[in-house]
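Listed here are the chains, written in short residue letters.
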Amino acid sequence: MNDDVLIDDSERDKRNAHGNRGFSGFDAEVIDRQSMADLEAVGSDKWTRFPGCIGAFIAEMDFGLAPCVQQAVTDATARGCLGYIPDPWKHRVAESCARWQRERYGWDVDPACIRPVPDILEALEVFLREIVGAGNSIVVPTPAYMPFLSVPRLYNIDVIEVPMLRVNEPRHCINGWMFDFDGLERAFASGCRALMLCNPHNPIGKVLTRDELLRISALAERYDVRIFNDEIHAPFTYDDHEHVPFAALNETTARQAFTATSASKSFNIAGTKCAQVILTNPDDLDMWMDRAEWSEHQTATIGAIATTAAYEHGGAWFDDMRAYLDESVAYVNEQMRTRLQRVGYVPPQGTYIAWLDFSPLGIENPADYFYKNAHVALTDGRECGECGAGCVRMNFAMPHPMLRECFDRMVEVLEADGLM
Ligand SMILES: Cc1ncc(COP(=O)(O)O)c(C=O)c1O
């Protein structure tokens, strides 16, 4: 097997020496040494839900915590700062989130329109309840992050699935995902109220271009459609793909967008419960202050502290972690190209999630197949929409040796069953 894309420690030392900057606290050697038993001992959902399996389903990373986050949480508990979230911490979250947006994506957003919320899904629930309304419908491009399909139904809101188009035109060097703009328009014209936008897109890893965002905005404008804009994976973009914040494009997108973001994916702190809504439509901000007070109140103080530390001091750790993920993506791409070439796959442009289509191999339920035969726990593609039959969602944010083992296990069972 060709492991060239996963570099070893001596090569990493050489590169670090040339990098000539301080240690960020992200230690690839320590990460690489983690065994399954070590990861299970951490006690995460990812490594305890399916004992004995490689956890490649839920979107958590196995890279520990940024030291600044760890220190901030330790200091806060030492001070006993675990009460309800106070205003000063809400302001710190807003200020630090605004700074992250400015420094990372060039978006000069006013901190006054950034409010805390426990998580993205709570923000979505407020959006569905207050803006979409029961009895209406929402368009979800699929495959989609699973709760985008299930949560609206809890609010008696219909979900219109519009599958993304898989374009493969080698002659024009196009191999990727495209929006079905005609499908979107048909759904908008049928009277739906809102579109679920996820950028970068979990689970297909697509990073939307400025042109695509503008085209979506123009369509939405024509049919008066609001946009729930989930940018939680924004910091994870690869190669020359850049994250463009939708609401930052112009006054129209600012009015259309109901943006939700969080440091929870980038710093693996989802359990600390502090995401942010960025309300660039003044009516949304009024609504929020009037009717989402309880959502804010449920935000965890420890999460505000962890989030602020991450945004203010975690940049270098994040960048080193992202460089490690660069190698992971390269490895996944190489494995798909050389060992799983019959499996449908488009290299992700962002996120740490890959979408693998096993339908060409005739495996009806690949998540179940790999769980039972290879002891690899993946997400069943059908949870991401009707178009996900025969597919799995794979989280590759794991130690490199584990990622190698993950592919070895999958390839071995396929070969043993004569499927590769
Ligand atoms: C696209 C996307 N949105 C939202 C979430 C969940 O975020 P939260 O835990 O803040 O609700 C995830 C988690 O995997 C995600 O991938």
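None of these values were measured; they are calculated from a predicted model.

**Here we look at the site of the ligand**
Argument step 1. Surrounding the ligand, one finds Ala-59, Asp-119, Ile-120, Leu-121, Tyr-145, Cys-198, Asn-202, Asp-230, Ile-232, His-233 and Lys-265.
Argument step 2. Leu-121 has a polar backbone atom sitting 3.2 Å from an oxygen atom of the ligand.
Argument step 3. Contact distances for the ligand include 2.7 Å between an oxygen atom and a side-chain N or O atom of Asn-202.
Argument step 4. Taken by itself the ligand offers 400 Å² of open surface, and the protein chains cover 93% of this.
Argument step 5. Residue composition of the shell around the ligand, grouped by class: six nonpolar, two polar and three charged.

**Comments concerning the pairing of strand 10 (residues 275-278)**
Argument step 1. The side-chain alternation of strand 10 yields two buried faces, one formed by Ala-275 and Val-277 and the other by Gln-276 and Ile-278.
Argument step 2. When strand 2 (residues 114-117) meets strand 10, the two strands line up antiparallel, connected through four bridges. Pairing of Ile-114 across the sheet is with Ile-278, part of strand 10.
Argument step 3. Note that strand 9 (residues 257-262) and strand 10 share four bridges and pair antiparallel. The residue bridging Ala-260 from the neighbouring strand is Val-277, located in strand 10.

**A short note on the sheet that holds strand 8 (residues 226-230)**
Argument step 1. Spatial strand order, 2-10-9-8-7-3-4: seven strands in an open sheet with mixed pairing. Edge positions in the sheet fall to strand 2 and strand 4 (158-163), since each has one partner strand and no second. Averaged over all pairs of adjacent strands, the angle between their axes in this sheet comes to 25°, without regard to strand direction.
Argument step 2. Relative to strand 8, strand 7 (residues 194-198) runs parallel, the two sharing five bridges.

**Overview of the sheet that holds strand 12 (residues 353-357)**
Argument step 1. Spatial ordering of the open sheet is given by 11-12-15-14, a layout of four strands whose pairing is antiparallel. Of all strands in the sheet, those with a lone pairing partner are strand 11 (344-345) and strand 14 (379-380), marking the two edges.
Argument step 2. Sheet topology note: the strand 11/strand 12 ladder contains two bridges and is antiparallel. By the bridge assignment for strand 12, Gly-344 is matched with Asp-357.

**Looking at the side chain of Thr-237**
Argument step 1. Within the fold, Thr-237 resides in the loop between strand 8 and helix 11 (251-256).
Argument step 2. One polar contact links the side chain of Thr-237 to the main-chain carbonyl oxygen of His-241, over a distance of 3.2 Å.
Argument step 3. Setting aside residues up to four positions removed in sequence, Thr-237 forms contacts with Pro-200, Val-207, Glu-242, His-243, Arg-322, Gln-349 and Gly-350.

**Focus on helix 16 (residues 366-374)**
Argument step 1. Taken as a whole, helix 16 has its buried residues at Pro-366, Ala-367, Tyr-369, Phe-370 and Ala-374. Buried positions in helix 16, seen along its axis, are confined to an arc of 160° and lie on one side of it.
Argument step 2. The inward-facing, buried residues of helix 16 abut strand 13 (376-377), strand 14, strand 15 (391-395) and helix 17 (400-416).
Argument step 3. His-375 lies just past helix 16 and shows a positive phi near 55°.

**A closer look at the pattern of salt bridges**
Any two side chains of opposite charge can pair if their charged atoms end up close together.
Argument step 1. Under the definition given, this model contains 21 salt bridges.
Argument step 2. A salt bridge links Glu-130 to Arg-291; its shortest N-O distance comes to 2.6 Å. Separated by 161 residues along the polypeptide, Glu-130 in helix 7 (residues 120-132) and Arg-291 in helix 12 (residues 282-291) bring together distant segments of the chain.
Argument step 3. For Glu-130, a relative accessible area of 25% gives the class partly exposed.
Argument step 4. Here the salt bridges do not stand alone but share partners, grouping Arg-129, Glu-130, Asp-290 and Arg-291 into one network.

Parameters at a glance
Residues numbered from 1 in each chain as written. Predicted model: local features only at pLDDT ≥ 70, side-chain atom pairs only at ≥ 80, totals over all residues. Heavy atoms only, no water. Near = heavy atom within 4 Å. Polar contact = N/O pair within 3.5 Å; in protein donor to acceptor, adjacent residues only side chain to side chain. Areas by Shrake-Rupley, 256 points an atom, 1.4 Å probe, with all protein chains shown as cover. Nonpolar A, V, L, I, M, F, W, Y, C, P; charged D, E, K, R; others polar. Buried < 20%, exposed > 50% of the residue type's maximum accessible area, 1.4 Å probe, protein only. Helix = DSSP H or I, 4+ residues; strand = E, 2+ residues; numbered from the N terminus. Pairing = 2+ DSSP bridges. Axes fitted to C-alpha atoms, helices over the stretch in contact; angles between N-to-C directions. Contact = heavy atoms within 4.5 Å. Arc of directions from axis to C-beta. Salt bridge = Lys/Arg side-chain N within 4 Å of Asp/Glu carboxyl O.

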